[in-house]
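Descriptive analysis of the structure
Here's the letter readout for the chains.
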Amino acid sequence: MIFEQIAAGGCQSYLVGCETTRAAVLIDPEQSRIEHYRMLVNQLGVHIRYVVDTHTHADHFSASRGLGKALQAPVVMHRLSPAPFADLRLDDGDMLIVGELRLKAMHTPGHTRDSLCLVAEDRVFTGDTLLIGGTGRTDLPTGDPHALYESLFEKLLKLPPETLVFPAHDYKGRSHSTIGIEIADNPRLQKVERTAFVDMMQHLDLAAPTHLTEALRTNMSGGRTVAQMLAEAAREVPFMSLAELNDRIGRNSGALVILDVREKDAYDKGHIAGAVHLPRGQLELRTNSVLPDPTVKIITCCEFGKISTLAAATLRDLGYMRATALDGGMKAWSEAGYPLEQ
Ligand SMILES: [Fe+2]
């Protein structure tokens, strides 16, 4: 079996494949490691047949959709997954054939309604159903402690005790465990009575994951993350440095529109001399009157350099082919000691 475990923060993802045919599957790929997966695929000389998400992740950004598209591999999730981009939806007991390798899906709701575990030969990929020394939480959307109890005690823990356990998370750098070790040592699995287990799960008092809303929004719908939108905009526009802009203002070098896209109060407190004010929110509607010449060089600026990047990309979309974003915002401008006008 070809087997690679890829850690990103506390997230664990896996590339599992068949030695003979070089067919492989990616399990729970994470957005920040996309380049790494691509490198592994090339290095190992494998074809990715499927990209699997063990469940709708609430705590990180799934790379399944993007990788599935790029590698032309169907995205696999449980039948109950809300993600519209899931190409292949599995039921309990369904099997994926990856060369000579067989991955059997076990529906294990509890952490989420659409949680799957995947059994392959001597190991099981447990997603967030079973972690090393823990279990997935059940207090996030579609979580259910009763369902988790059944999934664990009536299903997953019935696998042979020597089965290797590879979870979707480990925050302590451990790579795997076994079903037997977890039954013996996992504190949560010591509550073998349903009511005691459910009671424990209902009183864990955990903080919400950092990116809960955004992760659910993008993982459920395939919508882009804020970071992705900014990265895309940044690829569509060139930038100008603070020093270069300051220099050009000093030299009074030809037609240059500095477009300040902040709100009025920020603009009034201090802006670059001669900057035209057009808030980001009114950009599309007022460009024709504020920027009558589509051939003019426009430098967009905002407070931190992010909204100005989006604004420059929008302007390019609208046909202002020389729209450029300031590399840095007004905060960096004033910290660098460049002049402001009120
Ligand atoms: Fe999860």
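Given the structure is predicted, the values throughout are model-derived calculations rather than measurements. Sequence order as written defines the numbering, with residues in each chain counted from 1. Local features in a predicted model are, by the rule used here, given only for residues with pLDDT of at least 70; side-chain atom pairs are given and counted only at 80 or more, and totals for whole chains, interfaces and linings are based on all residues.

The next thing to look at is the nonpolar core. Val 25, Leu 26, Val 51 and Leu 118 are the most contacted members of the largest nonpolar core, which totals 47 residues. Nonpolar cores are built from buried Ala, Val, Leu, Ile, Met, Phe, Trp, Tyr and Cys residues. These are joined into a set through C-beta atoms within 7 Å. Buried, partly exposed and exposed are defined by the number of other C-beta atoms within 10 Å of a residue's own C-beta, namely 20 or more, between the two limits, and 12 or fewer respectively, with C-beta atoms placed from the backbone. If you look at the next biggest cluster of nonpolar residues, it comprises 27 residues, including Ala 233, Leu 278, Ala 323 and Met 330.

This part covers the environment of Tyr 171. By the criteria applied, helices consist of DSSP H or I runs no shorter than four residues and strands consist of E runs no shorter than two, each listed in order from the N terminus. For Tyr 171, the location among the structural elements is in the loop between strand 13 (164-167) and strand 14 (177-178). In this structure the C-alpha to C-alpha distance between Tyr 171 and Arg 251, which are 80 residues apart in sequence, comes to 55 Å.

By this definition, two strands are paired if DSSP reports at least two bridges between them. Strands sit in the order 15-19-18-16-17 across an open sheet of five strands; the sheet is parallel. Among the strands making up the open sheet, the edge pair consists of strand 15 (239-240) and strand 17 (276-277). The sheet contact formed by strand 16 (residues 256-260) and strand 18 (residues 297-301) spans five bridges and is parallel. Looking at strand 18, one finds that Asp 260 is bridged to Cys 301. On the sheet, helix 11 (residues 307-317) packs against strand 18 and strand 19 (323-326) and is oriented at approximately 180 degrees with respect to strand 19. Placing a C-beta atom from the backbone of each residue, one calls two residues in contact when those atoms lie within 7 Å. Interaxial angle, 0 to 180 degrees, is taken between N-to-C directions of lines fitted to C-alpha atoms, where a helix line uses only the stretch in contact.

Another aspect to go through is the environment of Arg 316. Positionally, Arg 316 belongs in helix 11. Sequence separation between Arg 316 and Thr 287 is 29 residues; the distance between their C-alpha atoms is 12 Å. Contact partners of Arg 316, with chain neighbours within four places excluded, come to Glu 236, Val 237, Met 321 and Ala 323.

This brings us to unusual backbone geometry. Despite not being glycine, Asp 28 has its phi angle at roughly 55 degrees, a positive value. Position of Asp 28 relative to the elements: it lies in the loop between strand 3 (23-27) and helix 1 (34-44). Phi is positive for Thr 142, close to 70 degrees, though the residue is something other than glycine. With respect to the helices, strands and loops of the structure, Thr 142 is situated in the loop between strand 12 (134-135) and helix 3 (145-153).

Here we come to the sheet that holds strand 6 (residues 88-90). An order of 1-2-3-4-5-6 is seen for the six strands of this open sheet, with the pairing classed as mixed. The open sheet terminates on both sides in strands that have one partner only, identified here as strand 1 (2-8) and strand 6. Strand-to-strand twist across the sheet, computed as the mean angle between neighbouring axes with direction ignored, equals 25 degrees. Where strand 2 (residues 11-17) lies against strand 3, four bridges are found, and the strand directions are antiparallel. Bridge pairing in strand 3 places Leu 15 opposite Leu 26. Each of strand 3, strand 4 (47-52) and strand 5 (75-78) is contacted by helix 2 (residues 64-71), which is oriented at about 155 degrees to strand 4, the strand it contacts most.

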